[in-house]
Amino acid sequence: MLEYFDASLIGLTATPSKQTIGFFNQNLVTEYSHERAVADGVNVGYEVYRIRTKATEEGGNVEAGFYVDVRDRQTRKVRWRKLDEPLRYEAAQLDRSVVVPSQIRKVIQTFRDRLFTEIFPGREEVPKTLIFAKDDSHAEDIVHIVRDVFGKGNDFCKKITYRTTGESPETMISDFRNSYNPRIVVTVDMISTGTDIKPLECLLFMRDVKSGVYFEQMKGRGTRVISETEFHNVTTDAPAKTHFVIVDAVGVCEGDKTESRPLERKRGVSFEKLLESVQVGFRDEDTISSLANRLARLDRKLKDEERKEIEKASGGVPLRSIVNTLLQAIDADAQEDKAAAMFSTKTPTEEQVSQAAEKLIEAACAPFDNPDLRETIKRLKQQSEQIIDTVTQDELLGAGFDEAAKEHARSTIETFRKFIAENRDELTALQIFYGQPYGKRRLTEIAIRELAEAIARPPYNLAPQKVWAAYEQLEKAKVRSTGTQKLLTNLVSLLRFELGETPVLETWDVTVEVRFNEWLKQQERAGRNFIPEQLEWLQMIREHIANALTIEMEDFENVPFYEKGGAFKVYQLFGAELTTILDELNEALAA
């Protein structure tokens, strides 16, 4: 029809096959590889975990005279039959003409046993997992065995195929995507293509796939990126979805079906070792690919301010650009293009391509010669992870504060004082405390956040709560913990107490509330009275200053103000006095 009506031909596909490329007369305008999509944060990368069993690879045999179960494919009714002759079956017959429950059970048990130690080390929740079965009968067997092996009930594992009865497949897919359960879904073809399950972190192949295009589409179920908030709604024990794992129980990844390959090629080498290897000149393709993979996964865990730290340390180059350059350096097409440009030829020799590759790799690895960048990356990597010791069994030796604990508290406060002394001329918040007259200084949330990030870095490694606890232990009579302990602005209280500006250490929200009440009394004495609705807005302004130190007109476009009418409503309530009131509150509450 397109050709008959002389229509324009536009082809867009994530899985181009020979047929689609041929239809457009080999007119490949652009291509976007899986590896580049991972570097750009559009997709997540993957790793392959292989499970081998004897029955899966070799088949099996049963001697004559043994009784076996015979099951009707449609009704699944089972009867016994005695074998008159030996039963020999090949691996290809598994789960079609012959079912070996122990083979399915062995795969699922291995998956369960290795899940939290090797496949997703340190995790406690089963990640969202999709199992590909051979047919509906095979899927039914897998579901029963998964429920039995994991022992977590029927909601934990469900089958979603075209023969699913009871709940509609659409409802079950929605639950798989948006709810905690099911954690594991078994399917044949229904979720293989075109269905987005973004929280999906594991694909377990218990069937082989002959088509390269189809296999690439099946892998695509795991590549989807997802925001931290959406991810935590269904999986709470991981900071972010950084990659997915293909658990290959049939050798489906061992055939050369597609061009995309796992970026991770040195799983046993630590992140720090990869950085060191690149820095000292060990820059083979596997090392560079693995480093690019680790950096792409780190990027998925970082906050915007942490990405900016890396960008600053690298001289203005974002982390994703660094990853892209690494992958570009080991891309065969890029190397050939570079060689063609270097030697002014359309058909560069193998030697010329090799020289061009060295130039690309040298340029891509140049940022890692910068020690500041390496240390920043390593520090942020450490901050994004926790080591969980599941081996040591602790025992209680006593309770209460002893002299060693008090000494630790004294050390914490000394570190805090050292931090103040060493950074008083470097950080905006400390410059304000030391440099301006008391009545004129104005702290901002940005300045306090910068202070908190600086104090959390080595060699200080402090958090406001830790410093607070140290003061509470050593000077309990002077510490009041009646407010919110986790406010970032409590750093202001700690600084004021340490610098002798206040005799009592109290949480910042308590200080702001006391000052607010004093301000209201002053207004009352001056003859300025507020109606109940105005008082409600003044209370919201007080809470905002307790969290952010200041308030500006643009803040009224955010919650909770926006939900109650925003800037228009607050101006309607206070009129021309609004600017004066905000200035007074900023001065009275946060000075």
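From a predicted model like this one, the values you see are computed outputs, not experimental measurements.

Rules used throughout
Residues numbered from 1 in each chain as written. Predicted model: local features only at pLDDT ≥ 70, side-chain atom pairs only at ≥ 80, totals over all residues. Heavy atoms only, no water. Helix = DSSP H or I, 4+ residues; strand = E, 2+ residues; numbered from the N terminus. Buried < 20%, exposed > 50% of the residue type's maximum accessible area, 1.4 Å probe, protein only. Areas by Shrake-Rupley, 256 points an atom, 1.4 Å probe, with all protein chains shown as cover. Patch = residues over 30% accessible without salt bridge, like charges linked within 9 Å, V, L, I, M, F, W, Y side chains within 5 Å. Salt bridge = Lys/Arg side-chain N within 4 Å of Asp/Glu carboxyl O. Phe/Tyr/Trp six-rings, centres within 6.5 Å; stacked < 30°, edge-to-face > 60°. Lys NZ or Arg CZ within 6 Å of the ring centre and 35° of its normal. Axes fitted to C-alpha atoms, helices over the stretch in contact; angles between N-to-C directions. Parallel < 35°, antiparallel > 145°, perpendicular 65-115°, else oblique. Contact = heavy atoms within 4.5 Å. Nonpolar A, V, L, I, M, F, W, Y, C, P; charged D, E, K, R; others polar. Pairing = 2+ DSSP bridges. Lys, Arg positive; Asp, Glu negative; His and termini not counted. Charge placed at Lys NZ, Arg CZ, Asp CG, Glu CD. pLDDT = per-residue confidence, 0-100.

Caption draft 1: Quick look at the overall build of the protein. Helices and strands together make up the secondary structure of the protein, namely 24 helices and 12 strands. Taking all 591 residues of the protein together, the buried fraction comes to 44%. Carbon and sulfur atoms make up 49% of the accessible area of the protein, which amounts to about 32500 Å² in all.

Caption draft 2: Quick peek at a nonpolar patch on the surface. Together, Met 1, Tyr 4 and Phe 5 make up an exposed nonpolar region whose accessible area comes to about 510 Å². In this structure, Met 1 sits in the segment before helix H1 (18–23). The exposure class assigned to Met 1 is exposed, which follows from its relative accessible area of 81%.

Caption draft 3: Looking closely at the packing of aromatic side chains. Overall, the coordinates contain 14 aromatic pairs when judged by the stated rule. Plain terms: the ring middles of Tyr 46 and Phe 244 are 5.4 Å apart, the flat faces sit at 35 degrees to each other, and that makes the pair tilted. Here Tyr 46, found in strand S1 (residues 45–50), pairs with Phe 244, found in strand S10 (residues 243–248); they are 198 residues apart in sequence, far enough to count as distant. Tyr 46 gets classed as buried once you look at its relative accessible area, which sits at 5%. Phe 244 gets classed as buried once you look at its relative accessible area, which sits at 1%. Geometrically, the ring pair formed by Phe 516 and Trp 519 is stacked, given 6.3 Å between the ring centres and 25 degrees between the ring planes. Residue Phe 516 and its partner Trp 519 are located together in helix H21 (residues 508–525), separated by three residues, close to a single helical turn. A relative accessible area of 1% places Phe 516 in the buried class. Here a set of aromatic residues connected by ring pairs shows up, and it is made of Phe 516, Trp 519, Phe 530 and Phe 574. Positioned over the ring face of Tyr 180 is Arg 183, at 4.4 Å from the centre of the ring. Lying over the aromatic face of Phe 271, Lys 381 brings its terminal NZ or CZ to 5.4 Å of the ring centre.

Caption draft 4: A look at the pattern of salt bridges. Within the structure shown, the criterion is met by 29 salt bridges. A salt bridge links Asp 113 to Arg 112; its shortest N-O distance comes to 2.9 Å. Among the ionic contacts, a cluster of salt bridges with common partners joins Asp 299, Asp 304, Arg 307 and Arg 320.

Caption draft 5: Quick peek at unusual backbone geometry. Cis geometry marks the peptide bond from Asn 181 to Pro 182; its omega dihedral reads 5 degrees. Residue placement: Pro 182 occurs in the loop between helix H6 (169–178) and strand S8 (184–187). The backbone of Ser 344 shows a phi angle near 50 degrees, a positive value even though the residue is not glycine. Along the chain, the position of Ser 344 falls in the loop between helix H13 (332–343) and helix H14 (350–365).

Caption draft 6: Inspection of the packing of helix H20 (residues 490–498) against H21 at higher detail. The contact between H20 and H21 brings their axes to 7 Å, and the two run at 85 degrees. Judged on the interaxial angle alone, H21 and H20 are roughly perpendicular. Here Asn 490, Val 492, Ser 493 and Arg 496 of H20 come into contact with H21, specifically with Trp 508, Thr 511 and Arg 515. Of the residues assigned to the contact of H20 with H21, the class counts are two nonpolar, three polar and two charged.

Caption draft 7: Inspection of the environment of Asn 43 at higher detail. Tracing the backbone shows Asn 43 in the loop between helix H2 (34–39) and S1. In sequence terms Asn 43 and Arg 224 are 181 residues apart; their C-alpha atoms lie 5.6 Å from each other. Excluding anything up to four places from it in sequence, Asn 43 contacts His 34, Ala 37, Val 38, Thr 223 and Val 225.

Caption draft 8: Focus on the sheet that holds S8. Strand order across the open sheet formed by six strands is S1-S10-S9-S6-S8-S7, with parallel pairing between neighbours. Both edges of this open sheet fall to S1 and strand S7 (157–159), since each of them pairs with a single strand only. Geometrically, the sheet is characterised by an average inter-axis angle of 20 degrees between neighbouring strands, direction not taken into account. Pairing between S7 and S8: three bridges, direction parallel. Bridging from a neighbouring strand, Lys 159 pairs with Val 186 of S8. The strands touched by helix H5 (residues 136–150) within the sheet are strand S6 (129–132), S7 and S8, with S7 carrying the most contacts at an inclination of about 170 degrees.

Caption draft 9: Structural view of a negative patch on the surface. Where like charges cluster on the molecular surface, the negative patch consists of Glu 31, Asp 333, Glu 336 and Asp 337. Take Glu 336: it is sitting in helix H13. Taking relative accessible area as the criterion, Glu 336 reaches 40% and is therefore assigned partly exposed.

Caption draft 10: Quick peek at the environment of Val 100. Tracing the backbone through its elements, the reader meets Val 100 in the loop between strand S5 (87–89) and helix H4 (101–119). Judged by its relative accessible area of 12%, Val 100 falls in the buried class. The sequence separation of Val 100 and Asp 141 amounts to 41 residues, and the corresponding C-alpha distance is 9.9 Å.

Caption draft 11: Just the confidence of the model for the protein, in detail. On average, residues of the protein score 82 in pLDDT, and 85% of them are at 70 or above. Low confidence marks residues 386–402, where pLDDT is under 50. Its contacts with residues over four positions away, or in another chain, come to two contacts.

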